[in-house]
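# Observations on the model geometry
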Amino acid sequence: MSKMHVKMTVNGSQVEGLAEPRTLLIHFLREQLGLTGPHIGCDTSHCGACTVDLDGKSVKSCTLFVAQANGAEVTTIEGLAAADGSLHPLQEAFREHHGLQCGFCTPGMITRAYRLLQENPTPSDEEIRFGMSGNLCRCTGYQNIVKAIRAAAAEMAAGKEAAE
Amino acid sequence: MNAETPISLEQRKDKLQGLGCSRKRVEDARFTQGKGNYVDDIKLPGMLFGDFVRSPIGHGRIKSINKEAALAVPGVKAVLTADDLRPLGLHWMPTLAGDVQAVLADEKVLFQNQEVAFVVAEDRYAAADGVELVEVEYEDLPPLVDPFKAMEEGAPTLREDIADKTEGAHGPRRHPNHIFTWEAGDQAATEQALAGAEVVAEEMVSYQRVHPCPLETCGCVASMDKINGKLTIWGTFQAPHAVRTVASLITKIPEHNIRIISPDIGGGFGNKVGVYPGYICSAVASIVLGVPVKWIEDRMENLSTTAFARDYHMTGRIAATRDGRITGLWCHVLADHGAFDACADPTKFPAGFFNICTGSYDIPTAYVAVDGVYTNKAPGGVAYRCSFRVTEASYFIERMVDVLARKLDMDPAEIRLKNFIRKEQFPYTSALGWEYDSGDYETAMDKALKTVDYQGLRAEQKAAREAFQRGETRKLMGVGVAFFTEIVGAGPVKNCDILGLGMFDSCEIRIHPTGSAIARLGTISQGQGHATTFAQILASEIGIPAEDITLEEGDTDTAPYGLGTYGSRSTPVAGAATAMAGRKIRAKAQMIAAYLLEVHDGDLEWEVDRFQVKGNPERHKTMKEIAFAAYNQAIPGLEPGLEAVSYYDPPNMTYPFGAYVCVVDIDVDTGVTEIRRFYALDDCGTRINPMIIEGQVHGGLTEALAIAMGQEITYDEDGNVHGGSLMDFFLPTAVETPTWETDWTETPSPHHPIGAKGVGESPNVGGVSAFSNAVNDAFAHLGLTHTQMPHDHWRVWQTAQRLGLTGQPAAAE
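Conventions and cut-offs
- Starting from 1, residues in each chain are numbered consecutively following that chain's sequence as written.
- The lettering of chains begins at A and the numbering of ligands begins at 1, in the order of writing.
- Where local features are concerned, this predicted model is filtered to residues with pLDDT of at least 70; where side-chain atom pairs are given and counted, the filter is 80 or more; whole-chain, interface and lining totals use all residues.
- Here the side-chain values reflect all heavy atoms present in the structure, with hydrogen atoms and water set aside.
- For the purposes of this description, domain bounds are those given by an automatic or database domain assignment.
- Whether two residues touch is decided by their heavy atoms; if any such pair falls within 4.5 Å, the residues are in contact.
- A simple way to read buried area is as the amount of 1.4 Å-probe accessible surface that goes missing from two parts once joined, with both sides added.
- One speaks of a salt bridge when a side-chain nitrogen belonging to Lys or Arg is within 4 Å of a carboxyl oxygen belonging to Asp or Glu.
- Nitrogen and oxygen atoms within 3.5 Å of one another constitute a polar contact, given that in protein one can donate a hydrogen and the other can accept it, and given that sequence-neighbouring residues count only through two side-chain atoms.
- The helix and strand labels rest on DSSP assignments: H or I over at least four residues marks a helix, E over at least two residues marks a strand, and numbering proceeds from the N terminus.
- The definition of a nonpolar core used throughout is a set of buried Ala, Val, Leu, Ile, Met, Phe, Trp, Tyr and Cys residues joined through side-chain atoms within 4.5 Å.
- The classification of residues rests on relative accessible area computed with a 1.4 Å probe and restricted to protein chains. Under 20% of the type maximum is buried, over 50% is exposed, and intermediate values are partly exposed.
- When DSSP finds two or more bridges between a pair of strands, those strands are recorded as paired.
- Helix axes are fitted only over the stretch in contact, all axes being lines through C-alpha atoms; the angle between N-to-C directions runs from 0 to 180 degrees.
- What sets the label is the angle itself: under 35 degrees gives roughly parallel, over 145 gives roughly antiparallel, 65 to 115 gives roughly perpendicular, and the rest give oblique.
- Ten residue types, Ala, Val, Leu, Ile, Met, Phe, Trp, Tyr, Cys and Pro, are classed as nonpolar, four, Asp, Glu, Lys and Arg, as charged, and the remainder, Gly among them, as polar.
- Two rings belonging to Phe, Tyr or Trp (six-membered ring only in the last case) form a pair when the distance between their centres is within 6.5 Å. Interplanar angles under 30 degrees mark stacking, angles over 60 mark edge-to-face geometry, and anything in between is tilted.
- Our definition puts a charge over a ring when NZ of Lys or CZ of Arg is within 6 Å of the ring centre and also within 35 degrees of the ring normal.

### Looking at the domain arrangement of chain A
Residues and elements named next belong to chain A. Once the domains are mapped, chain A shows domain 1 (4–79) and domain 2 (89–163). Its C-alpha centre places domain 1 at a distance of 21 Å from the equivalent point of domain 2. Facing 19 residues of domain 1, the contacting portion of domain 2 comprises 13 residues. If you sort the residues of domain 1 by the area they bury against domain 2, His-39, Thr-51 and Ile-77 come out on top, with a joint share of 38%. Counting the contacts that link domain 1 with domain 2 gives one salt bridge. Salt-bridge contacts for Asp-53 lead to Arg-115; the nearest nitrogen and oxygen are separated by 2.7 Å. Seen at the junction of domain 1 and domain 2, the total is eight residue pairs in polar contact (both at pLDDT 80 or more). Residue assignment for the side of domain 1 that touches domain 2 shows that the elements contributing at least two residues are strand 3 (51–54) and strand 4 (57–60).

Here is the structure:
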């Protein structure tokens, strides 16, 4: 099958490559760019393990052709830490509050939570649960994920206040 | 080297981060940054990708397979069928249960989605293109999907390969579709107890077919290095050493030339214990093609082919006195094993530890018989977050006790308290032969009932029922009480083995000269946090801070032999090996310290992180100092270095227990069941890391919620599988999942070196019963004794309809 030329910004860097138009974004990210943080859990956009941020929205990269991401700005779990290597408050909070076990859902979970907190910096527990309902976890029962996101939200609010 | 700033005993203990502390997980740094290394992340030069052609029908004969069109697809390198594997003797493989399973369908297909051909191509897209173009012609045969019809006269014979075998792996077979009959207990005495009983309650309790469904599916990368003759397989293996031995036995490649590596595993829950056709086909393809071959299941393949769980249909009779003292328990199980008996149980236990089904009660006589049958369904029968059929057993007894309580008009908590095995009866030998190690059930139950204000809940329920009668509400309140005893930590080599491999486990420790260490185990974490908790066990044993101990698992070239992680066996068995290996280190360290301090080793005592002279603690050597000395001093009579290995054969299983209470509110017009409250008290013996225990309980309860309230894999009468994608198979989201309340008591195991019993599976074992009991309880005052799981909205609504709770016409069954 003939290949198309795709270009996008991934985690702040310009990338380009050749891909069959039917190539799914998740496979382009994982196999061509070597970004194996986002995972494949269900192939049907139910589980959210493949969640990445695309032009300011959470998307399930297993149900998106790479062609649809042409020219887009993509952020994966690998792009969440600061340039100096310090972790995002969500990454810290998931560890602090035991918000992960096997780790397979974690990259998608954190990437989704990152966007959720952009959309709603002070979510209630109910809003967190609803906002995260596109991401499945088989290990934690979500309770500590909710706790971690709540803690990260507070941390980010405090950080913002301190900066102002 | 004694120049360190003196710190207090408590500070020294805290520094170790040993037993009992909620140490943060060392695994998390990589997982939170997307740097985990799961099998699908592995990319090797020249690697090809394999994908299966699967049967579209449940039962049929293969008339022809035409590979030509597939082989013409650009990028497709090979198409393997049973005929290609036959010369190697690899078209069939042994199962863990003493049966054989077709690697690729050999003349017949026996379940929908069965593996028929393996297409190998340059990437997964080309492989999928090839799969589409393999032409297979089938002749339909009548499918057998109802296990109750499997042994009828005239039922279609499924397994023609063994049709005339009257002796199976577990005794006589009395029908071509019969696998085994397994019995425990005293049939005559139990039937006598039932015949003479004041009260007998009966029920047929089904535990539906479900699937462990870890978020990562199964997969592997097989790489045959033709130059040195070594086959390396990275895969989602819960038991890497057992896989190596099995791989050696079936491929005839010498075991030293096989290396099995379990990298990070994205959840297992029993799904990743078995050996699947994808592993064999990848290995063969790599050997034939000379390059690495990757195979990764998609979700539909995972749900419909690798490792279902449960599918037990349990008919019970429970005898009691009029005042509620249980006098006997009788049970017959019809076990639907699918097309091949691939259950993952210890060899001598074809029905696992189902004979733990007398539960937490002092039942004087009991009898259980299990019949396993073949049907046109996927093979499996794995322990989905439980120890070998313990969840089924626990569900059975916990429903039966409730059914009996209804019949006697007794409170479910009261009847349990009345029949508990008493604290002073431990070690307790059950009527079905197990020796329970320790327990204090009344204390746990009392604490649970007090915490939830059980009397208050019952009073509230009474008032709510009256309000319902008056038409003031359309909701019914249910209170589910469940008390479970698990049997985990398989197991003693004298009666537990898998394919002849004794179920011991192991730990090897090397202390480095500068006082840090590496420990390797025969187990493999799939999210349990072994690298965190086993380092804690060691820290307490050898006085080296947990953060200075690296823990490695999963590489058979480096880890000592062990039987892997499932059945909550890591802490009871490998955890014990870790403690014992640590004690060997300490024993040698004591001799080194005695030499350094110029005293007799009997004059030394251990304190936290050092040996000190009795009565003169100023004179001491820390483990760090001793470690250095082990490498730089010539000590008479002692070899240099500081290493130890322990292979631990547990003297008994461990028996964790717990008391769970669930409160539900059911809308009778919609069937929507709201989990208002769930309280879980777990007693897992000595607690190694409370944070991780709580996390395990949350997760297990959520899986119990999924099973009790929605999960089900069914087959229609044509043999089509339903529930094969996440559209149909229920995985709760954060919205459906309630907030869990956890609690604990601590009754150490008397035979485990640190008293720990294991916890990961308890919440699934106890949780399912608590949910189901709550739903049944909501309707109990209307005469309902039992409804089958899953209690999804549709079924609950149907129950309400049947009981006449709506004015609408009753739905068709």
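### Quick notes on the nonpolar core
All names here are of chain B. Of all hydrophobic cores here, the largest spans 221 residues; its most connected members are Met-314, Phe-353, Phe-354, Val-370, Phe-678, Phe-771 and Phe-779. Broken down by element, the residue count for this core peaks at 11 residues, all from helix 10 (residues 390–408). In contact with Phe-779, not counting residues within four places along its chain, are Leu-476, Ile-666, Val-668, Leu-784, Val-796, Thr-799, Ala-800, Leu-803 and Leu-805. The next biggest cluster of nonpolar side chains, apart from the first, holds 47 residues, and it includes Leu-521, Leu-538, Leu-597 and Met-623.

### Concerning the interface of chain B and chain A
At the junction of the two partners, chain B supplies 54 residues and chain A supplies 44 residues. Taken together, the two surfaces of chain B and chain A that pack against each other cover about 4300 Å², and 53% of this comes from carbon and sulfur. Of all residues in chain B, the largest losses of buried area upon contact with chain A belong to Thr-32, Tyr-125 and Leu-215 of chain B, amounting jointly to 18% of the total for that side. Taken together, chain B and chain A are joined by six salt bridges.

### Considering the environment of Gly-615 of chain B
Here Gly-615 of chain B shows up in the loop between strand 30 (610–613) and strand 31 (616–622). A residue is classified by how much of its surface remains accessible, and Gly-615 of chain B, at 78% relative accessible area, is exposed.

### Some details on the sheet that holds strand 13 (residues 219–225) of chain B
Residue and element names in this part refer to chain B. Reading across from one edge, 3-7-1-16-13-14-15 is the order of the seven strands in this open sheet, with mixed pairing throughout. The strands lining the two open edges of the sheet, one partner per strand, are strand 3 (76–80) and strand 15 (258–261). Sheet twist, expressed as the mean angle between neighbouring strand axes with direction ignored, is 20°. Bridge count between strand 1 (residues 48–54) and strand 16 (residues 293–296): three bridges; the pairing is parallel.

### A few points about the sheet that holds strand 4 of chain A
Residue and element names in this part refer to chain A. Pairing is mixed across the open sheet formed by five strands, whose spatial order is 2-1-5-3-4. The open sheet is flanked by strand 2 (13–19) and strand 4, the only strands paired with a single partner. In this sheet, neighbouring strand axes are inclined to one another by 40° on average, regardless of whether the strands run parallel or antiparallel. Taken together, the seven bridges between strand 1 (residues 4–10) and strand 2 define a ladder with antiparallel strand orientation. Across the sheet, Met-8 pairs through a bridge with Val-15, a residue of strand 2. Helix 1 (residues 25–32) contacts strand 1, strand 2, strand 3 and strand 5 (73–75) of the sheet and is inclined by roughly 105° relative to strand 2.

### A look at the packing of helix 15 (residues 570–597) of chain B against helix 16 (residues 623–632) of chain B
Residue and element names in this part refer to chain B. Between helix 15 and helix 16, the shortest axis-to-axis distance is 9 Å and the interhelical angle comes to 80°. Relative to helix 16, the element helix 15 is oriented roughly perpendicular. Residues Ile-585, Arg-586, Ala-589, Ile-592, Ala-593 and Leu-596 of helix 15 form the contact with helix 16, whose participating residues are Met-623, Ile-626, Ala-629 and Ala-630. In terms of residue class, the contact of helix 15 with helix 16 is built from nine nonpolar, no polar and one charged.

### Let's talk about unusual backbone geometry
All names here are of chain B. In this structure, Gly-491 follows Ala-490 across a cis peptide bond, with omega equal to -25°. Note on placement: Gly-491 falls in the loop between strand 23 (475–485) and strand 24 (497–498). Each neighbour pair has its own omega, and for Met-789 with Pro-790 the value is -10°, a cis peptide bond. Inspection of the secondary structure puts Pro-790 in the loop between helix 18 (762–778) and helix 19 (793–802). Positive phi values are uncommon outside glycine, yet Arg-385 reaches one of about 45°. Inspection of the secondary structure assignment puts Arg-385 in the loop between strand 20 (380–382) and helix 10. By relative accessible area, Arg-385 is classed as buried at 4%. Positive phi, normally seen in glycine, also occurs at Ser-568, with a value near 45°.

### Overview of the packing of aromatic side chains
Residues and elements named next belong to chain B. The tally for this structure, following the rule as stated, stands at 34 aromatic pairs over all chains. An angle of 5° between the planes, with centres 5.9 Å apart, marks the rings of Tyr-361 and Phe-420 as stacked. Taken as a pair, Tyr-361 in the loop between strand 18 (326–336) and strand 19 (366–373) and Phe-420 in the loop between helix 11 (412–419) and strand 21 (428–429) lie far apart in primary sequence, 59 residues in all. A single burial state applies to Tyr-361 and to Phe-420, both of which are buried. Measuring from ring centre to ring centre gives 5.4 Å for Phe-678 and Trp-740, while their planes differ by 80°; the resulting arrangement is edge-to-face. One end of the pair, Phe-678, is in strand 34 (residues 673–683); the other, Trp-740, is in the loop between strand 36 (721–722) and strand 37 (741–744), and 62 residues separate them in sequence. Each member of the pair, Phe-678 as well as Trp-740, carries the same accessibility label: buried. Through successive ring pairs, a cluster of aromatic residues spans Phe-52, Phe-118, Phe-237, Tyr-276, Tyr-279 and Trp-295. Positioned over the ring face of Phe-308 is Arg-209, at 3.5 Å from the centre of the ring. Looking at Arg-687, its charged tip hangs above the ring of Trp-744, at a distance of 4.0 Å from the centre.

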